[in-house]
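Per-entry structural report
So the chains spell out like this:
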Amino acid sequence: MYALIVPASTPFVLLAAVLGLSWWEDLMLPPAEPVEAPAEAPLTPMPPAPLTELLSVDTPLTREVARR
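Bear in mind that the values here come from a model prediction, so they are computed numbers and not experimental data.

This next bit is on the overall build of the chain. In terms of regular secondary structure, the chain is built from two helices and zero strands. Residue burial in the chain is summarised as follows: out of 68 residues, 1% are buried. Of the accessible surface of the chain, which amounts to about 7,500 Å², a share of 70% is contributed by carbon and sulfur atoms.

On to a nonpolar patch on the surface, then. Nonpolar side chains collect at one region of the surface, where W23, W24, L27, M28 and L29 lie side by side and expose about 610 Å² of accessible area between them. In this structure, L29 sits in the loop between helix 1 (2-28) and helix 2 (63-66).

Thresholds applied
Residues numbered from 1 in each chain as written. Predicted model: local features only at pLDDT ≥ 70, side-chain atom pairs only at ≥ 80, totals over all residues. Heavy atoms only, no water. Helix = DSSP H or I, 4+ residues; strand = E, 2+ residues; numbered from the N terminus. Buried < 20%, exposed > 50% of the residue type's maximum accessible area, 1.4 Å probe, protein only. Areas by Shrake-Rupley, 256 points an atom, 1.4 Å probe, with all protein chains shown as cover. Patch = residues over 30% accessible without salt bridge, like charges linked within 9 Å, V, L, I, M, F, W, Y side chains within 5 Å. Salt bridge = Lys/Arg side-chain N within 4 Å of Asp/Glu carboxyl O.

The values are spatial; any link to function lies outside them.
See below:
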């Protein structure tokens, strides 16, 4: 019977250990200071590249069409 209890309880033991360490870390470490925003100018987005001409479904695939 113990052979079934130990493997079934392992995930819960690991979860309790992680939550305990997280709580301990929050208790021991001082609160983080807020990070200031960078003074740089925001980036302007680039305009989208123009789309190439799409081929029709009935266009036969030739070498000239394939190079486009």
